[in-house]
Amino acid sequence: MAKKKQTSDPNYKVIAESRRARFDYAIEDDIECGIMLEGSEVKALRGGGSNIADSYAAVENGELWLVNAYIPPYEQAKLFKHEERRRRKLLVSRKELSDLWNATQRKGMTLVPLVLYFNHKGRAKIKLGIAKGKKNRDKRASEAKRDWSRQKQRLLKDAR
């Protein structure tokens, strides 16, 4: 008898999402990175309440850093507490790091965190978007396009 395929992975869980990033930036490409976390940070992430909306990533001294990401304090940690908005090192391969450095330094792109999540193995990962900032006219155009697609769906639904 064939095994049933699991539709949803019990370990996969989205912790924080920056929905505003797709509105403010034109995302060219994305990359998955690991994060170096302390034990109390992992427990706090499992509890929820983190925020990556105001954060960004930067390549400094040959390393990739996540700056200004908020992870709430873990109340049960008495002795080994963590800072909420400390800089956290991101883990990528050397080739990916050089590509990110080229994108930010030479092409003028920005590294924007899109999603912070636990993958299927239960490890914390972050998806970074390699992005270029949008102008106000671009934002208006994308908003008009989104409104039109919503209206088109309504019309198609009513036509049935």
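Our focus in this paragraph is the packing of aromatic side chains. Considering all chains together, one arrives at one aromatic pair under this definition. Ring plane angle 40 degrees and centroid distance 5.5 Å describe the contact between Tyr 12 and Tyr 117, whose orientation is recorded as tilted. Linking Tyr 12 in the segment before β1 (13-17) with Tyr 117 in strand β6 (residues 110-118), this pair joins segments that are 105 residues apart in sequence. What makes Tyr 12 partly exposed here is its relative accessible area of 43%. Its end group placed over the ring of Phe 118, Arg 46 keeps NZ or CZ at 4.0 Å from the ring centre. Above the face of the Trp 65 ring, Arg 87 is positioned so that its terminal group lies 4.8 Å from the ring centre.

Okay, the nonpolar core next. Nonpolar side chains in soluble globular proteins tend to end up buried together. Core analysis: the largest hydrophobic core is formed by 26 residues, its most contacted members being Leu 64, Leu 90 and Leu 116. Secondary structure elements with two or more residues in this core: β1, β2 (25-35), α2 (39-47), β3 (56-60), β4 (63-67), α3 (94-105), β6 and β7 (124-133). Once residues lying within four places of it in the same chain are set aside, the contact partners of Leu 64 are Cys 33, Ala 57, Ala 58, Val 59, Arg 88, Lys 89, Leu 90, Val 92, Leu 97, Leu 100, Leu 111 and Leu 128. One finds Ala 21, Val 112, Leu 114 and Ala 131 within the second-largest nonpolar core, a separate group that totals six residues.

Attention now goes to empty space enclosed by the protein. What the rule picks out here adds up to one cavity of 30 Å³ or more. Forming the walls of the largest cavity are Ile 35, Leu 37, Leu 45, Asn 51, Ile 52, Leu 66, Ala 69, Tyr 70, Ile 71, Arg 88 and Leu 116. When grouped by side-chain class, the residues that make up the lining of the largest cavity number nine nonpolar, one polar and one charged.

Turning next to α3. Compared with the 16 Å implied by 1.5 Å per residue over twelve residues, the 16 Å span of α3 between its first and last C-alpha is a close match. Burial in α3 covers these residues: Leu 97, Leu 100, Ala 103 and Thr 104. One face of α3 carries all of its buried residues, which in axial projection span an arc of 125 degrees. Residues of α3 that are exposed and angled more than 90 degrees away from the buried face: Arg 94 and Lys 95.

Rules behind the numbers
Residues numbered from 1 in each chain as written. Predicted model: local features only at pLDDT ≥ 70, side-chain atom pairs only at ≥ 80, totals over all residues. Heavy atoms only, no water. Phe/Tyr/Trp six-rings, centres within 6.5 Å; stacked < 30°, edge-to-face > 60°. Helix = DSSP H or I, 4+ residues; strand = E, 2+ residues; numbered from the N terminus. Buried < 20%, exposed > 50% of the residue type's maximum accessible area, 1.4 Å probe, protein only. Lys NZ or Arg CZ within 6 Å of the ring centre and 35° of its normal. Core = buried A, V, L, I, M, F, W, Y, C linked by side-chain atoms within 4.5 Å. Contact = heavy atoms within 4.5 Å. 1 Å grid on protein atoms, 1.4 Å probe; cavity = no way out; pocket = protein on both sides within 12 Å on 5 of 7 lines; lining within 4 Å. Points joined across faces, edges and corners; volume = space filled by probe spheres on them. Nonpolar A, V, L, I, M, F, W, Y, C, P; charged D, E, K, R; others polar. Expected span 1.5 Å × (residues − 1). Arc of directions from axis to C-beta.

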